[in-house]
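Spelled out from the first residue to the last, the chains are:
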Amino acid sequence: MTDQYPIGQTGKPWQAAEKQQWFATQIKKRDYFEDIEPLINALKADLRVEQYGVLSYDTQYPLYALKSANWHAELPVVLVTGGVHGYETSGVLGALAFAKQHAQTFEGQFNLLILPCISPWGYETINRWNPEAVDPNRSFYTNSPAQESQLAMDYVNQYQGSIALHIDLHETTDTDNSEFRPALAARDGKVNHNWNIPDGFYLVGHTQKPQAAFQKAIIHAVQQVTHIAEADEHNALIGVPVEQFGVINYDATHLGLCMGMTNAPYVTTTEVYPDSPNTTPQNCIDGQVAAIEGAIAYLAAQ
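What counts and what doesn't
Residues numbered from 1 in each chain as written. Predicted model: local features only at pLDDT ≥ 70, side-chain atom pairs only at ≥ 80, totals over all residues. Heavy atoms only, no water. Axes fitted to C-alpha atoms, helices over the stretch in contact; angles between N-to-C directions. Helix = DSSP H or I, 4+ residues; strand = E, 2+ residues; numbered from the N terminus. Parallel < 35°, antiparallel > 145°, perpendicular 65-115°, else oblique. Left-handed = near helix turned anticlockwise from the far one by under 90°. Contact = heavy atoms within 4.5 Å. Nonpolar A, V, L, I, M, F, W, Y, C, P; charged D, E, K, R; others polar. Salt bridge = Lys/Arg side-chain N within 4 Å of Asp/Glu carboxyl O. Buried < 20%, exposed > 50% of the residue type's maximum accessible area, 1.4 Å probe, protein only. Core = buried A, V, L, I, M, F, W, Y, C linked by side-chain atoms within 4.5 Å. Expected span 1.5 Å × (residues − 1). Bend = angle between axes of the 7 residues up to and from the residue. Pairing = 2+ DSSP bridges. Arc of directions from axis to C-beta.

**Description of the packing of helix 8 (residues 212-223) against helix 10 (residues 281-301)**
- Relative to each other, helix 8 and helix 10 sit at 140°, their axes nearing to 8 Å. With respect to their mutual orientation, helix 8 and helix 10 come out oblique. Between helix 8 and helix 10 lies a crossing of right-handed hand. Packed against helix 8, whose contacting residues are Ala213, Phe214, Ala217, Ile218, Ala221 and Val222, the element helix 10 presents Gly287, Ala290, Ala291, Gly294, Ala295 and Tyr298 at the interface.
- Taken together, the residues of the contact of helix 8 with helix 10 break down into 10 nonpolar, 2 polar and no charged.

**Looking at the pattern of salt bridges**
- Within this structure, the stated rule accounts for 7 salt bridges.
- Between glutamate 124 and lysine 28 there is a salt bridge whose closest N-O contact spans 3.9 Å. With glutamate 124 in helix 5 (residues 120-125) and lysine 28 in the loop between helix 1 (16-24) and helix 2 (32-35), this residue pair connects regions lying 96 residues apart in the sequence.
- Its relative accessible area of 3% is what places glutamate 124 among the buried residues.
- Residue glutamate 50 pairs with arginine 48 through a salt bridge whose shortest N-O separation is 3.6 Å.
- Among the residues examined, glutamate 50 registers a relative accessible area of 23% and is labelled partly exposed.

**Details of the nonpolar core**
- In this structure, Val80, Phe98, Leu113, Leu115, Ile248 and Ile296 are the most contacted members of the largest nonpolar core, which totals 92 residues.
- When residues of this core are assigned to their parent elements, the largest contribution, 10 residues, is made by helix 10.
- When sequence neighbours within four positions are dropped, the list of residues in contact with isoleucine 248 reads Tyr202, Leu203, Val204, Gly205, Leu237, Ile238, Val240, Pro241, Val242 and Glu243.

**Some points on unusual backbone geometry**
- The backbone phi angle of asparagine 143 is positive, close to 55°, even though this residue is not glycine.
- Following the sequence through the fold, asparagine 143 ends up in the loop between helix 5 and helix 6 (147-156).
- The phi angle at glutamine 211 is positive, at roughly 45°, despite the residue not being glycine.
- In this structure, glutamine 211 sits in the loop between strand 6 (202-206) and helix 8.

**Considering helix 7 (residues 175-188)**
- The end-to-end C-alpha distance of helix 7, which contains 14 residues, comes to 18 Å, matching closely the 20 Å that a straight helix rising 1.5 Å per residue would cover.
- If you look at helix 7, its biggest bend is around 30°, right at arginine 181, and the proline proline 182 turns up within four residues after that.
- Buried within helix 7 are the following residues: Asp176, Asn177, Phe180, Pro182, Ala183, Ala185, Ala186 and Arg187.
- Positioned one or two residues after helix 7, glycine 189 has a phi angle of 70°, which is positive.

**So, the pairing of strand 9 (residues 247-250)**
- Side chains Val247 and Asn249 of strand 9 all project onto a buried face; the interleaved residues Ile248 and Tyr250 project onto the opposite face, where all are buried too.
- Pairing geometry for strand 6 and strand 9, over 4 bridges, is parallel. When the bridges of strand 9 are listed, glycine 205 appears paired with asparagine 249.

**Side note on helix 6**
- Turning to helix 6, its buried residues number three or more, namely Glu148, Ser149, Ala152, Met153, Tyr155 and Val156. With its buried residues spanning 165° around the axis, helix 6 presents them on a single face.
- Where helix 6 is buried, its residues touch strand 1 (47-56), strand 2 (60-68), strand 3 (77-82), strand 4 (111-115) and strand 5 (163-171).

**Let's talk about the packing of helix 4 (residues 89-102) against helix 10**
- Two elements in contact, helix 4 and helix 10, have axes separated by 8 Å at closest approach and are oriented at 55°. On the basis of the axis angle, helix 4 is oblique to helix 10. Every pair of crossing elements has a handedness; the one defined by helix 4 and helix 10 is right-handed. Side by side, helix 4 and helix 10 meet where Ser90, Gly91, Leu93, Gly94, Ala97, Phe98, Gln101 and His102 of the first sit next to Cys284, Ile285, Gln288, Val289, Ile292, Glu293 and Ile296 of the second.
- Taken together, the residues of the contact of helix 4 with helix 10 break down into 8 nonpolar, 6 polar and 1 charged.

Written out as structure tokens, the structure is:
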């Protein structure tokens, strides 16, 4: 047994038996059908609700997209995704709060396309992976190993030519170090190296299209409602050098990240820190909404 994680052997990637052993330890902790589906259905008066697929696990999870009620084909599309990592609660609830607050705000200016909970099983079990020990947010590429990613891509692709902005809502949590990174290292047969968990909000831009002014505008908007993470002693966040205050960059396309699945010129991934003593669950949701508002405001000004 490895010191880092109770499943598998040191230096040996998991096979089917270890993945099944991991799956057997997962417990349902909350309910997608009680918590999230009613919030989606409540928006039907102001937005079009489309079911874009079903996740086929032991439970069948319907997947939903919210669209502007008055969709104008000639307008640019603002894509908001949440719950790619289902356990990151403010990503899901932030997407839904934005939908509720701004269903008609951008009428005649932008089409809104919102996928609020891409990974319902992850939401229920408070998990980063899907039941097959696959991370959906490393699986946004052709012939994806994750149903969650493939179904989202298949749906979003029909709007590919019109998407001007994509903002993907995430959290960085203390459990990244206590559970998810050790599990990842064990699964892949590697040595785990934890990172410093940033205290506060930050953004992950796309290395191939960093759009520094766009990222800065979002940080400014979020600063009005919650605090921004300071760089650590290495001038880094989660082990990545800081590009500017509150912003790091990843090559989203190479890594198979959700924010890399479109040709949108403006893309970013939010990271909220819900475990901070300086925040609350509602403050985290407000931070996500402010990030979306700041992103759209910047786009509107261009």
